Amino acid sequence: YRDDDDINDVASMAGVNLNEESARILATNSDLVGIQIQSCKDEPFLAAIPLHKRILETAKKLGITDVPAEVVTFISHATQNRLRTVIEKVTVITQHRMESYKDDEWYEQATDVRSQLKFFEQLERLEKQRKDEQEREILLKAAKSRSRQEDPEQARLKQKAKEMQQQELAQMRQRDANLTALAAIGPRKKRKLDAPGLLTIGGEVVGGCGGSQAGLGTGSPRQYPRQKITRVNLRDFIFYMEQERDMSRSLLLYRALLK
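Calculation criteria
Residues numbered from 1 in each chain as written. Predicted model: local features only at pLDDT ≥ 70, side-chain atom pairs only at ≥ 80, totals over all residues. Heavy atoms only, no water. Helix = DSSP H or I, 4+ residues; strand = E, 2+ residues; numbered from the N terminus. Buried < 20%, exposed > 50% of the residue type's maximum accessible area, 1.4 Å probe, protein only. Contact = heavy atoms within 4.5 Å. Areas by Shrake-Rupley, 256 points an atom, 1.4 Å probe, with all protein chains shown as cover. Salt bridge = Lys/Arg side-chain N within 4 Å of Asp/Glu carboxyl O. Patch = residues over 30% accessible without salt bridge, like charges linked within 9 Å, V, L, I, M, F, W, Y side chains within 5 Å. Expected span 1.5 Å × (residues − 1). Polar contact = N/O pair within 3.5 Å; in protein donor to acceptor, adjacent residues only side chain to side chain. Core = buried A, V, L, I, M, F, W, Y, C linked by side-chain atoms within 4.5 Å. Axes fitted to C-alpha atoms, helices over the stretch in contact; angles between N-to-C directions. Left-handed = near helix turned anticlockwise from the far one by under 90°. Nonpolar A, V, L, I, M, F, W, Y, C, P; charged D, E, K, R; others polar. Parallel < 35°, antiparallel > 145°, perpendicular 65-115°, else oblique. pLDDT = per-residue confidence, 0-100.

S.K.: Help me understand the overall build of the chain in this model?
M.R.: In terms of helices and strands, the chain carries eight helices and two strands. Here the chain holds 259 residues, and 12% of them are scored as buried. Residue pairs in contact within the chain that sit at least 24 positions apart in sequence constitute 42% of those at least 6 positions apart. In the structure as shown, the chain presents an accessible area of about 24000 Å², 54% of it carried by carbon and sulfur atoms.

Take a look at the structure:
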């Protein structure tokens, strides 16, 4: 008994000769045997001439007068690799920051700072409104008083009450003018699309979806999906530098924290 007996039996039952098929495959790909495959041209990431000058300036301080071109290429590739690593790590940090756990069933919301801030803002708004109402009542009482002997403070309150009344009257006139203009313009109409599933940019149709759309052109319309953009801010870079051993105590981190 051999391991290939069952395979040979099935192939022979199907009328397939494995030896002939193997020879035919080797004959088909025989033109690829012995071909030398070369990689693409090695292009440096940074400009070679300015980088070479910068390296020579640094090397002269250390007593080195000659720097070969291979060193420039190696430093350029190292810079590219380092930059790629930094961007990948910062991108992961940004994605974690933007990730939302509201709809996750394994997480339960403990505190809501945004609602608390809105509550405090509403309290401050009510307190300010109450103080404005009290000041308004004081000014109205001062304006209605008709005492013959008026002190400078009473005159100042009357003048301020007069200015407040004029300001309220101007606001009422402005509000009435806005309502009249809106009534003259009429209700705002929603822009209708020519056909469902079309993507318009700047008033021009750039693509769509759907099979039967008469009069839209002979070509097959396509709708381009919106590319998701990851926005990295300074806080993400600061967090990345704090986690890195080589940059956690660097001058660059301190400068970033001062901004």
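Next comes the rest of the description.
S.K.: What should I look at first to understand the pattern of salt bridges in this one?
M.R.: Two side chains carrying opposite charge are able to pair once their charged atoms lie near each other. Taken as a whole, this structure holds five salt bridges when the rule is applied. Put simply, Lys89 and Glu244 hold a salt bridge, and the shortest N to O gap is 3.1 Å. You can see Lys89 sitting in helix H4 (residues 69-98) and its partner Glu244 sitting in the loop between helix H7 (234-243) and helix H8 (251-258), a full 155 residues away along the chain. Across the pair Glu127 and Arg130 runs a salt bridge, and its minimum N-O distance is 2.3 Å. Of the two residues, Glu127 and Arg130 both sit in helix H5 (residues 113-144), three residues apart, roughly one turn of that helix. Under the relative-accessibility criterion, Glu127 is labelled partly exposed at 33%.

S.K.: Please explain a nonpolar patch on the surface as it appears in this structure.
M.R.: Taken together, Phe119, Phe120, Leu123 and Leu126 make up a surface patch of nonpolar side chains, about 400 Å² in accessible area. Along the chain, Phe120 falls in helix H5.

S.K.: I tried to follow H4 on my own but got confused; where do I start?
M.R.: The α-helix advances 3.6 residues per turn, and as a result positions three or four apart in sequence lie on the same side. Compared with the 44 Å implied by 1.5 Å per residue over 30 residues, the 43 Å span of H4 between its first and last C-alpha is a close match. Here H4 has its buried residues at Val72, Ser76, Val86, Val90, Ile93 and Thr94. Against the buried residues of H4 lie helix H3 (48-61) and H7.

S.K.: How should I be thinking about the side chain of Asp236 in this particular structure?
M.R.: Checked against the element boundaries, Asp236 lands in helix H7. Asp236 gets classed as buried once you look at its relative accessible area, which sits at 2%. Only 2.9 Å separates the side chain of Asp236 from the side chain of Arg97, close enough to count as a polar contact. In contact with Asp236, other than residues within four places in its own chain, are Val90, Ile93, Thr94, Arg97 and Arg231.

S.K.: Can you walk me through the side chain of Ser250 in this structure?
M.R.: Note on placement: Ser250 falls in the loop between H7 and H8. Given a relative accessible area of 18%, Ser250 falls into the buried group.

S.K.: How should I be thinking about the nonpolar core in this particular structure?
M.R.: The tendency in soluble globular proteins is for nonpolar side chains to be buried as a group. One finds Val86, Val90, Ile93, Ile238, Tyr240, Met241, Met247, Leu253 and Ala256 forming the largest nonpolar core, which totals nine residues. Listing elements by their share of this core, those giving two or more residues are H4, H7 and H8. Ile238 has contacts with Leu253, Ala256 and Leu257, leaving out every residue within four places of it along the chain.

S.K.: Can you walk me through the packing of H7 against H8 in this structure?
M.R.: Packed helices, taken two at a time, are described by the angle between their axes plus the distance between the axes. Look at H7 against H8: their axes get within 10 Å of each other, and the N-to-C directions meet at 145°. Between H7 and H8 lies a crossing of left-handed hand. Contacts between H7 and H8 involve Leu234, Ile238, Met241 and Glu242 from the first element and Leu252, Leu253, Ala256 and Leu257 from the second. Among the residues forming the contact of H7 with H8, the class breakdown is seven nonpolar, no polar and one charged.

S.K.: Explain the packing of H3 against H4 to me, please; I cannot follow it from the model alone.
M.R.: One can describe the packing of H3 onto H4 by two numbers: an axis separation of 10 Å at closest approach and a directional angle of 105°. In terms of orientation, H3 and H4 fall into the roughly perpendicular class. From H3, Ala48, Leu51, His52 and Ile55 reach across to H4, where they touch Val72, Ile75 and Ser76. Its residues assigned to classes, the contact of H3 with H4 comprises five nonpolar, two polar and no charged.

S.K.: Help me understand the confidence of the model for the chain in this model?
M.R.: If pLDDT is low for a region, its predicted coordinates should not be looked at in detail. The pLDDT averaged across the chain works out to 77; a share of 72% of its residues lies at or above 70. Here residues 194-219 is a poorly scored stretch, pLDDT under 50, and it has 32 contacts once near neighbours within four places are set aside; other chains count.

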